[in-house]
Amino acid sequence: MSAPQSPVDWSETPDPHAVRPRRTGAWDVLRAVVCAFGLFSLGYWGYLAWPYPLPALFFIVGAPLFAAVVWFFFRSPRSPVETDIVGKTIVEVALVVAAGAAWVSIGHPVVGLVFIVVAAVSGVVQFRREAR
């Protein structure tokens, strides 16, 4: 039987001020680049696909903003909406396909296909890392 712990005994409690550095690897950098390029793709699509200024400005700002909000609510690590792995997969696939389709619709199918393949590889690696 162990002795009761006193309220001032901090020997077994981790130090709340100790900062453990977060390791950033190549996959994390690739993931950030894929996300940024996806948002850029949607904005660029809005610029080229719609007549400027009025409808284009809504799509230049609105499409990437909508994608970012959907990603935040359903896919981000700090998402306020609890989503299982299937829901996260559906959201990520929809966003990646939307960005790839944007390139196809403005006449650059190779860029769209390469983006979808790179994003798919990045997503598979990320999901495998999250499953651990």
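Our structure's up above, just so we're on the same page.
Below is a summary of the structure that appears in this document. Since the structure is predicted, the reported quantities are computational estimates derived from the model, not experimental observations. (Residues numbered from 1 in each chain as written. Predicted model: local features only at pLDDT ≥ 70, side-chain atom pairs only at ≥ 80, totals over all residues. Heavy atoms only, no water.)

1. Comments concerning the overall build of the protein chain
Helix and strand counts for the protein chain come out as 4 helices and 0 strands. Counting helices and strands in the order they occur from the N terminus, the protein chain gives α-α-α-α. In the protein chain, which comprises 132 residues, the proportion classed as buried is 26%. Counting contacts in the protein chain only where the partners sit at least 6 residues apart, residues at least 24 apart contribute 56% of the total. Of the roughly 9800 Å² of accessible surface on the protein chain, a fraction of 71% belongs to carbon and sulfur atoms. (Helix = DSSP H or I, 4+ residues; strand = E, 2+ residues; numbered from the N terminus. Buried < 20%, exposed > 50% of the residue type's maximum accessible area, 1.4 Å probe, protein only. Contact = heavy atoms within 4.5 Å. Areas by Shrake-Rupley, 256 points an atom, 1.4 Å probe, with all protein chains shown as cover.)

2. With respect to the pattern of salt bridges
Taken as a whole and assessed by the stated rule, the structure comprises 3 salt bridges. Put simply, D28 and R129 hold a salt bridge, and the shortest N to O gap is 3.0 Å. Of this pair, D28 sits in helix α1 (residues 26-49) while R129 sits in helix α4 (residues 109-131); the two residues are 101 residues apart in sequence, bridging distant segments of the chain. A residue is classified by how much of its surface remains accessible, and D28, at 19% relative accessible area, is buried. Under the relative-accessibility criterion, R129 is labelled partly exposed at 34%. Between E92 and R75 there is a salt bridge whose closest N-O contact spans 2.8 Å. Residue E92 is found in helix α3 (residues 85-105), and its partner R75 is found in the loop between α2 (54-74) and α3; the two are separated by 17 residues along the sequence. R75 shares its class with E92; the two are buried. (Salt bridge = Lys/Arg side-chain N within 4 Å of Asp/Glu carboxyl O.)

3. Considering the nonpolar core
Core analysis: the biggest nonpolar cluster contains 5 residues, these being V34, V96, A99, F115 and A119. In this structure V34 touches F115, V118, A119 and S122, once residues within four positions along its chain are discounted. (Core = buried A, V, L, I, M, F, W, Y, C linked by side-chain atoms within 4.5 Å.)

4. Re the packing of aromatic side chains
Enumeration over the complete set of coordinates arrives at 11 aromatic pairs. Judged by centre distance (5.6 Å) and plane angle (15 degrees), the rings of F40 and Y44 are stacked. Here F40 pairs with Y44, and both are found in helix α1, just 4 residues apart, close to one helical turn. Summarising the aromatic geometry, the rings of F40 and W103 are spaced 6.5 Å apart at their centres and angled 40 degrees between planes, so their arrangement reads as tilted. Of the two residues, F40 sits in helix α1 while W103 sits in helix α3, which places them 63 residues apart along the sequence. Judged by relative accessible area, which is 45%, F40 ranks as partly exposed. Among the aromatic side chains, those forming a connected cluster through ring pairs are F37, F40, Y44, W103 and F115. (Phe/Tyr/Trp six-rings, centres within 6.5 Å; stacked < 30°, edge-to-face > 60°.)

5. A closer look at α2
When the terminal C-alpha atoms of α2 are compared, their 30 Å separation across 21 residues agrees well with the 30 Å that a helix rising 1.5 Å per residue should span. Along its length, α2 reaches its greatest deviation from straightness, about 30 degrees, at G62, and the proline P64 lies no more than four positions downstream. Within α2, the full set of buried residues consists of A56, A63, P64, A67 and V70. Lining the buried residues of α2 we find α1 and α3. (Expected span 1.5 Å × (residues − 1). Bend = angle between axes of the 7 residues up to and from the residue.)

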